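This is what each chain is made of:
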Amino acid sequence: MATNGSKTNGTTSRSRTGIKVIVVGAGFGGLGAAIECHRQGHNVEIYEAFPELKQLGDIISFGPNAGRIFYRWADGEIVRRMRPLSIDLTKYGFNIHKYDTGEIVINQPTPKYSVEAPNFNGHRGELHEVVFNYARDDLGIPRNRISTYFEDENESGIVLETGTKVSADVVIAADGVRSKARKTVLGYEDKPKSSGYAVWRAWFPNKDMIADPLTAQFCENGDTFNGWIGPDMHFLFSTIKNGSDCCWVLTHPDEHDIDESWSFPGKLSEVKEAIKDWDPMCTRIVSKTPEEMLVDWKLVYRDPLPTWVSPKARILLLGDSAHPFLPTSAQGATQALEDGVCIAVCLRRGGKENVPTSVRAHEKIRYERVRATQKTGESTRDMWHKTDWAKVKENPEIIQFPRQDWIFDFDTEKNAEEMYDGVVEGLSEV
Ligand SMILES: Cc1cc2nc3c(=O)[nH]c(=O)nc-3n(C[C@H](O)[C@H](O)[C@H](O)COP(=O)(O)OP(=O)(O)OC[C@H]3O[C@@H](n4cnc5c(N)ncnc54)[C@H](O)[C@@H]3O)c2cc1C
Ligand SMILES: *[C@@H]1O[C@H](CO)[C@@H](O)[C@H](O)[C@H]1NC(C)=O
Ligand SMILES: *[C@@H]1O[C@H](CO)[C@@H](O)[C@H](O)[C@H]1NC(C)=O
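The text that follows walks through the structure, step by step, so that each part is easy to find. (Residues numbered from 1 in each chain as written. Chains lettered and ligands numbered in written order. Predicted model: local features only at pLDDT ≥ 70, side-chain atom pairs only at ≥ 80, totals over all residues. Heavy atoms only, no water.)

## Points about empty space enclosed by the protein
Under the definition given, this model contains four cavities of 30 Å³ or more. Estimated volume of the second largest cavity: approximately 50 Å³. Forming the boundary of the second largest cavity are Arg302, Asp303, Pro304, Leu305, Trp308, Ala322, His323, Tyr367, Val370, Arg371 and Gln374. Per-class residue counts for the lining of the second largest cavity are six nonpolar, two polar and three charged. (1 Å grid on protein atoms, 1.4 Å probe; cavity = no way out; pocket = protein on both sides within 12 Å on 5 of 7 lines; lining within 4 Å. Points joined across faces, edges and corners; volume = space filled by probe spheres on them. Nonpolar A, V, L, I, M, F, W, Y, C, P; charged D, E, K, R; others polar.)

## So, the nonpolar core
The tendency in soluble globular proteins is for nonpolar side chains to be buried side by side. Counting 68 residues, the largest nonpolar core has Ile46, Phe62, Phe70, Trp73, Tyr149, Ile158 and Leu347 as the members making the most contacts within it. Among the elements that make up this core, the one with the highest residue count is helix α4 (residues 124–139) (seven residues). Apart from the residues within four sequence positions on either side, Ile158 is in contact with Ile22, Val24, Tyr47, Ile146, Thr148, Tyr149, Phe150, Thr164, Lys165, Val166 and Val171. (Core = buried A, V, L, I, M, F, W, Y, C linked by side-chain atoms within 4.5 Å. Buried < 20%, exposed > 50% of the residue type's maximum accessible area, 1.4 Å probe, protein only. Helix = DSSP H or I, 4+ residues; strand = E, 2+ residues; numbered from the N terminus. Contact = heavy atoms within 4.5 Å.)

## With respect to the environment of Gly230
With respect to the helices and strands, Gly230 occurs in strand β12 (residues 224–230). Overall, the relative accessible area of 2% leaves Gly230 in the buried class. Sequence separation of Gly230 and Trp278 is 48 residues, and the distance between their C-alpha atoms is 8.4 Å.

## Points about the pairing of strand β3 (residues 59–62)
The two faces of β3 differ: Ile60 and Phe62 on one face are buried, but Ile59 and Ser61 on the other face are not. In this sheet, strand β6 (residues 120–123) lies alongside β3 in antiparallel orientation, the contact comprising four bridges. Across the sheet, Phe62 pairs through a bridge with Phe120, a residue of β6. (Pairing = 2+ DSSP bridges.)

The following block contains the structure:
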């Protein structure tokens with residue numbers, strides 16, 4: 001690992017802060033936090049349980065508010081690597097269909113974003129690999145499962161499954177929805193709950209789609225994006241990488257109780273049953289899916305945690321461990337990245353002597369924004385699932401995927417820099 005500020009990471013060399021940061025989890029949240037902490041001059045160690053990178057998942061979205069973060073890494077090189085893996089809808093836009101008739105009620109054009117704030121939609125595994133390799137080459141990622149977390153007023157740390165204890169000034173627990181750190185932080189067990197919905201999701205090559213004259217249109221002229229909106233369900237279908245990869249997700253009600261596992265192999269027959277009254281094009285697309293590529297993914301959700309910060313403020317929950325998002329927000333991974341930027345800035349501003357204050361300031365700066373963004377996942381889902389088609393006929397724009405400027409135009413780094421002093425002042429007054 002680089003121990004001086006000369007390694008660029010897209011920033012001019014900053015002085016080192018001497019703050020040691022342990023990051024648990026190498027998902028987008030943990031990787032982002034580690035890269036940003038390194039950029040801000042802290043000494044970072046990442047720990048991840050997986051023996052190797054898992055190519056799991058299907059489509060994942062990053063808004064321009066994430067693109068702005070990626071763009072600062074390696075002088076734009078990370079963005080250049082992510083671009084060809086990501087969907088290009090500049091020509092096609094997003095066709096929104098009525099679920100039963102199949103008619104296109106509106107074509108939502110794709111907004112142009114600046115070079116400095118691109119957006120990305122691509123295969124989670126492929127995009128993750130780009131970021132994972134970048135972090136690993138710069139920082140190293142030791143493979144280890146964390147069994148417990150600890151802290152006192154002077155330090156915090158982790159105990160590896162091997163029994164080894166590692167301590168630091170602060171631990172960032174980016175260990176996902178099944179976080180082990182959550183109990184240490186909250187003082188009680190808080191298990192994720194079913195959101196009442198599950199998503200069938202699939203990713204597969206275009207071979208059978210191309211062979212059928214009725215579905216070839218989605219693969220022959222570059223990338224496409226179509227959505228069918230119906231009562232309590234929606235079906236989103238995209239083609240990516242110049243139409244060569246196909247991907248769909250079907251969100252549907254599911255009260256299945258989730259315990260340890262929340263991802264199961266899916267059955268095509270169940271999917272077809274669910275959409276039997278829908279536009280036949282949906283079934284046609286589903287029929288092209290190899291069954292082994294189908295996943296039934298239970299959507300985990302929870303009420304907002306009262307806090308993301310441990311009692312001594314040396315352990316911080318970040319990303320999904322603090323706030324799982326619904327896919328209809330398209331902001332889960334993006335908000336995890338924003339978290340990482342903010343904590344890295346706060347730690348630098350506070351310095352080694354004030355780590356707990358910085359951790360608390362981070363929460364104050366982030367909490368309301370994360371909550372508000374999380375809620376858009378519920379409101380978009382409800383808007384789609386309870387569509388009043390008579391109203392849509394009068395004004396088709398109301399069914400478009402909402403694009404809120406307050407989410408997309410946000411520069412987390414700038415915001416954290418601006419807010420830090422005021423927030424710290426507020427903290428000392430309580
Ligand atoms: C396998 C997988 C597939 C996914 N697929 C999609 C998808 O297709 N589309 C989508 O929108 N979102 C998907 N997600 C969720 C999405 O990646 C996250 O919402 C988002 O990236 C925020 O990530 P995070 O870093 O907070 O959490 P996560 O991405 O869940 O990362 C948490 C990491 O912590 C590690 N970890 C957990 N416990 C320990 C421990 N005790 N010791 C060491 N390491 C530990 C895990 O191995 C994992 O790598 C997926 C997540 C996972 C894990
Ligand atoms: C924390 O550090 C202070 C000063 O070095 C010391 O007096 C105190 O005992 C330490 N606390 C713990 C729990 O080790
Ligand atoms: C995209 O695919 C089409 C055929 O489906 C092909 O003609 C075209 O050259 C491809 N474009 C690129 C950039 O690969």
